[in-house]
Amino acid sequence: MALSFIKPFISELPGDAITENYSRQVKNACFSYVAPETFSNSKWVHKSPALITELELEHIHDDELLALFSGQNLSVAKQSYAMCYGGHQFGQWAGQLGDGRAINLGQQIHKGSMWTWQLKGAGPTPYSRMADGYAVLRSSIREHLCSEAMHALGVPTTRSLGIIESGKEVERDMMYDGNPKMEKGAIVCRIAPSFIRFGNFEILAAQEDYTSLKQLADYTIRHHFPEIVSTDKEAYIQLFKEVSERTLQLMLAWTRVGFVHGVMNTDNMSILGLTIDYGPYGWLEGFDPGWTPNTTDRMHKRYRFGQQVQIGLWNLVKLANALYPLIEEAKPLEEILNSYDKQFGPQFIEMMSMKLGLASKGTKDLVDSLVKQLSVLETDMTIFFRSIMDIGPDDEPHEMLEKINPAFYEDPDEDQLESWTKWLLSYQKTMATDMNDGKARRKLMSQTNPKYVLRNYMAQLAIDKAELGDYTLINELYTLLANPYSEQKDMEKWYAKRPEWARHKVGCSMLSCSS
Ligand code: AMP
Ligand code: MG
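Residues numbered from 1 in each chain as written. Chains lettered and ligands numbered in written order. Predicted model: local features only at pLDDT ≥ 70, side-chain atom pairs only at ≥ 80, totals over all residues. Heavy atoms only, no water.

Chemist: Which residues make up the packing of aromatic side chains, and what are the values?
Modeler: Aromatic ring pairs are defined here through the distance separating the ring centres and the angle between the ring planes. Using the criterion set out here, one finds 24 aromatic pairs in the structure. Each ring, one from Trp254 and one from Phe259, has its centre 5.4 Å from the other, and the planes form 65°; the classification is edge-to-face. The same class applies to Trp254 and to Phe259, which are both buried. Taken together, the ring pairs in this structure connect Phe384, Phe385, Phe408, Trp420, Trp423 and Tyr427 into an aromatic cluster. One Lys or Arg, Arg24, reaches over the ring of Tyr22 and ends 4.6 Å from the middle of that ring. (Phe/Tyr/Trp six-rings, centres within 6.5 Å; stacked < 30°, edge-to-face > 60°. Buried < 20%, exposed > 50% of the residue type's maximum accessible area, 1.4 Å probe, protein only. Lys NZ or Arg CZ within 6 Å of the ring centre and 35° of its normal.)

Here is the structure:
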């Protein structure tokens, strides 16, 4: 069966009347028509076999996909488009943003589900503002590997079908320090049920275009929240409730695996509760709630690991404001926001208890003291939670300490050893009375605590090789991260703390938005 797309987004929603491609402010429209650029020297970098299988695309030849992604043959994707959205960036209303370097090819129906195909980096659109519409290879590799890894971790996310090198060189000033250089351009084919963001609603509300706002909300409910059967105001309240719940679950999932998004502006918040727009993201190595990989946010650390949940709520307030004109009642929206706030604490404890393999309630003190304890000395989050899987109820304190020792980045002193011993003994005590026996505890922990995550330096190693034309490490990491909870004996080298050379290296611990 040949690839084919339907276009509900453009056939059911208002579009921009202008069809030429130049940067502009777009009013009263959810999208603008725009075609991807045609690239003549493109080549495959990597494909995601998991997504190919899931969408049953095996019969589509690589050359056919390459021709589509490089704009050489767009016959199946006529009338491609860029979406109009705005957003709050770092706490401030930024006005119109939009798909400045993303072009939607259309929606594909597979087994009754809708999947939007989108090319990121395929050239300028009416929303490109002063930028070029391209993406570089390094950031495309990061997006491709991380989105597929997140999916395998069970974290809601947009997906990536594959990356191609566009064949075009792109100029970037990676650290914004006046040293621009030419880099390899690339295109990622992203796939998700929808790429609608909080910002799509915000821009229409800001323009006081309540007709289009209602159309967008109705469209979102019709296609993506069909379980909402109420009508009018009640439907929009339900929509907000559902988005709020999904956002909270997403924040908890990021916390569980140690993911820091880095740029949680409202234009980077998916209405479906998916992780979207992988930019200067990072993974916790030492457990540090104050950490952000984003150098652009170095001063205020607004989007640091430990603040993501609160930012999720802040962003939901902005969405509530945008939906308000359709509801005209603040109370139901406030109740939903309050519920997010109230639920986070207990749900965080529940999630952390699962990481500890415990079934019991009443673990708050144990979890709270662990969060403090993990900051006593630099302790690798991933290795720590996998190591405590081996702790048994009869272990002596020195045996427990030996088990968690590989997670420490420095040698613990006497006081640190003492506080760790105290925590480990209280964990052991809880374990003894918990409903989960050793087997159940291990099973739960091995499904909740990944053994392999895309450590910042791992992605950088794959990028360094790929810049030289060698894509083997991309494939190795992709394969490794497809089963992040499984023991992979021949891959033990990736179950290791961050090497010292990567501690302050650009691309490993420091990333900018320049991509
Ligand atoms: P981001 O920080 O990647 O989420 O992007 C924020 C906004 O800037 C979005 O509207 C993007 O489409 C736009 N943008 C980022 N990079 C580029 C680029 N190279 N060309 C055009 N627009 C871009
Ligand atoms: Mg974005």
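What follows picks up the thread again.
Chemist: Go over the packing of helix H6 (residues 210–224) against helix H8 (residues 308–327) with me, naming the residues and quoting the values.
Modeler: One way to put it is that H6 packs onto H8 with a least axis distance of 10 Å and a crossing angle of 100°. Put simply, H6 runs roughly perpendicular to H8. Counting all contacts with H6, which are made through Tyr210, Leu213, Lys214 and Ala217, the residues of H8 involved are Ala322, Pro325 and Leu326. Residue classes in the contact of H6 with H8 are distributed as six nonpolar, no polar and one charged. (Axes fitted to C-alpha atoms, helices over the stretch in contact; angles between N-to-C directions. Helix = DSSP H or I, 4+ residues; strand = E, 2+ residues; numbered from the N terminus. Parallel < 35°, antiparallel > 145°, perpendicular 65-115°, else oblique. Contact = heavy atoms within 4.5 Å. Nonpolar A, V, L, I, M, F, W, Y, C, P; charged D, E, K, R; others polar.)

Chemist: Can you lay out unusual backbone geometry for me, pointing to particular residues and giving the numbers?
Modeler: Positive phi is not limited to glycine here, since Lys111 has a value of about 50°. Its location among the elements puts Lys111 in the loop between strand S6 (102–110) and strand S7 (113–120). Residue Lys111 is classed as exposed on the basis of its relative accessible area, which comes to 68%. For Arg129, which is not glycine, the phi dihedral falls at a positive 50°.

Chemist: An account of the environment of Val257 is needed here, citing residue identities and associated values.
Modeler: Examined against the element boundaries, Val257 turns out to sit in helix H7 (residues 232–257). Residue Val257 is classed as buried on the basis of its relative accessible area of 3%. Along the backbone, Val257 and Val155 are 102 residues apart, and their C-alpha atoms lie at a distance of 8.7 Å. Contact partners of Val257, with chain neighbours within four places excluded, come to Leu153, Val155, Trp283, Met381, Pro450 and Val453.

Chemist: Let's hear about the pairing of strand S4 (residues 86–89): which residues, and what values?
Modeler: In this structure, S4 lies alongside strand S5 (residues 92–96), joined through three bridges in antiparallel fashion. Within S5, the residue paired with His88 across the bridge is Trp93. Hairpin remark: S4 followed by S5, antiparallel, with two residues in the connecting loop; positive phi at Phe90, about 45°. (Pairing = 2+ DSSP bridges.)

Treat this as a map of the structure, not an account of what it does.
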